[in-house]
Amino acid sequence: MMELASVEKCTPDLEGSMKMASSHDETFDFHYPPIEDSFEGPVVKQSIAEQYFEPRYCKMDDDNYCILFHSNRICVVTLSKNHSIVQEGKEVTKIDFKQSTTQKLPLQEKCIVCMIHCADQTMYKVRALVQGKLIEVNENLTANPDLLVKEPTENGYLFIILPTIANYEKFKKKYACKEE
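Just so it is clear, the structure is predicted and the values come from calculations on it, not from any experiment.

Thresholds, definitions, all that
- Residues numbered from 1 in each chain as written.
- Predicted model: local features only at pLDDT ≥ 70, side-chain atom pairs only at ≥ 80, totals over all residues.
- Heavy atoms only, no water.
- Helix = DSSP H or I, 4+ residues; strand = E, 2+ residues; numbered from the N terminus.
- Buried < 20%, exposed > 50% of the residue type's maximum accessible area, 1.4 Å probe, protein only.
- Phe/Tyr/Trp six-rings, centres within 6.5 Å; stacked < 30°, edge-to-face > 60°.
- Pairing = 2+ DSSP bridges.
- Contact = heavy atoms within 4.5 Å.
- Axes fitted to C-alpha atoms, helices over the stretch in contact; angles between N-to-C directions.
- Salt bridge = Lys/Arg side-chain N within 4 Å of Asp/Glu carboxyl O.

Participant: Before we move on, could you go through the overall build of the chain and cite the residues and values that matter?
Facilitator: Summing up its helical and strand segments, the chain has 5 helices and 12 strands in all. Out of the 180 residues belonging to the chain, those deemed buried represent 37%.

This is the structure:
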């Protein structure tokens, strides 16, 4: 058996094998299968939101929202799949953010963060839903407001809030695990 100290060089090749050369000009081949082949069972593709966030649902101003809670305390606010804009497939023409992220002021849960304008002249107020600091608004929605309907929990999220630890737990418990 070769001692680990006598191994000088270990080089991978393109086929997933590892060649080890010792100081005695001996070569040993080790084959490592691709990681996809090491998993037994069906591969389930999940979105980033499904993998890393815990969704909670709430109804505010007669419409449905989804708040994605991450273990690092950030809360991503999105439309739920049952929001009337998504359900009715409305054309979103403009999203007007009422709050700025530059000051990072604390927001109360009922504070209006943005207004969503639709082609049929309807407007929707979106509230903070979680008490905390507004750390990001989705500027991509300004140029592509249709993302709000097409990808509400991914690229079409509205904004991100960072609550205090106490508020994170409070609001996570407050909102429903399943959409009603």
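That was the structure; now back to the text.
Participant: Outline the packing of aromatic side chains, supporting the account with residue identities and numerical values.
Facilitator: Scanning the model with the defined rule gives 2 aromatic pairs in all. Relative to Y168, the ring of F69 lies with its centre 5.5 Å away and its plane at 70°, an arrangement referred to as edge-to-face. Remark: Y168 occurs in helix α5 (residues 165-174) and F69 occurs in strand β5 (residues 63-70); sequence separation between them is 99 residues. When sorted by exposure, F69 lands in the same class as Y168, which is buried.

Participant: Explain the pairing of strand β10 (residues 123-127) to me, and be specific about the residues and the numbers.
Facilitator: As defined by bridge partners, strand β9 (residues 112-118) adjoins β10 across 5 bridges and the pair is classed as antiparallel. Along β10, the bridge assignment pairs C114 with V126. In sequence, β9 turns back onto β10 through a hairpin of 4 residues, with Q121 there showing a positive phi of about 75°.

Participant: Can you tell me about the sheet that holds strand β12 (residues 159-162), naming the residues and giving the values?
Facilitator: Taken in spatial order, the 6 strands of this open sheet run β4-β5-β6-β12-β11-β8, and their pairing is antiparallel. Strand pairing shows two members of the sheet lacking a second neighbour, β4 (53-60) and β8 (106-107), which therefore form its edges. By the bridge criterion, 3 bridges tie strand β6 (residues 75-79) to β12 in an arrangement that is antiparallel. Its bridge partner lying in β12, V77 is registered against F159. Those strands touched by α5 are β4, β5 and β6, and its axis lies near 135° from that of β5.

Participant: Explain the pattern of salt bridges to me, and be specific about the residues and the numbers.
Facilitator: Inspection of every chain in the model, using the stated rule, returns 8 salt bridges. One salt bridge connects E54 with R56, and the closest N-O pair in it is separated by 2.9 Å. Where salt bridges share partners, they join E54, R56 and K172 into one cluster.

Participant: Which residues make up unusual backbone geometry, and what are the values?
Facilitator: At R73, a position not held by glycine, the phi torsion is positive, near 85°. Mapped onto the secondary structure, R73 falls in the loop between β5 and β6. Unusually for a residue other than glycine, Q121 sits at a positive phi of about 75°.

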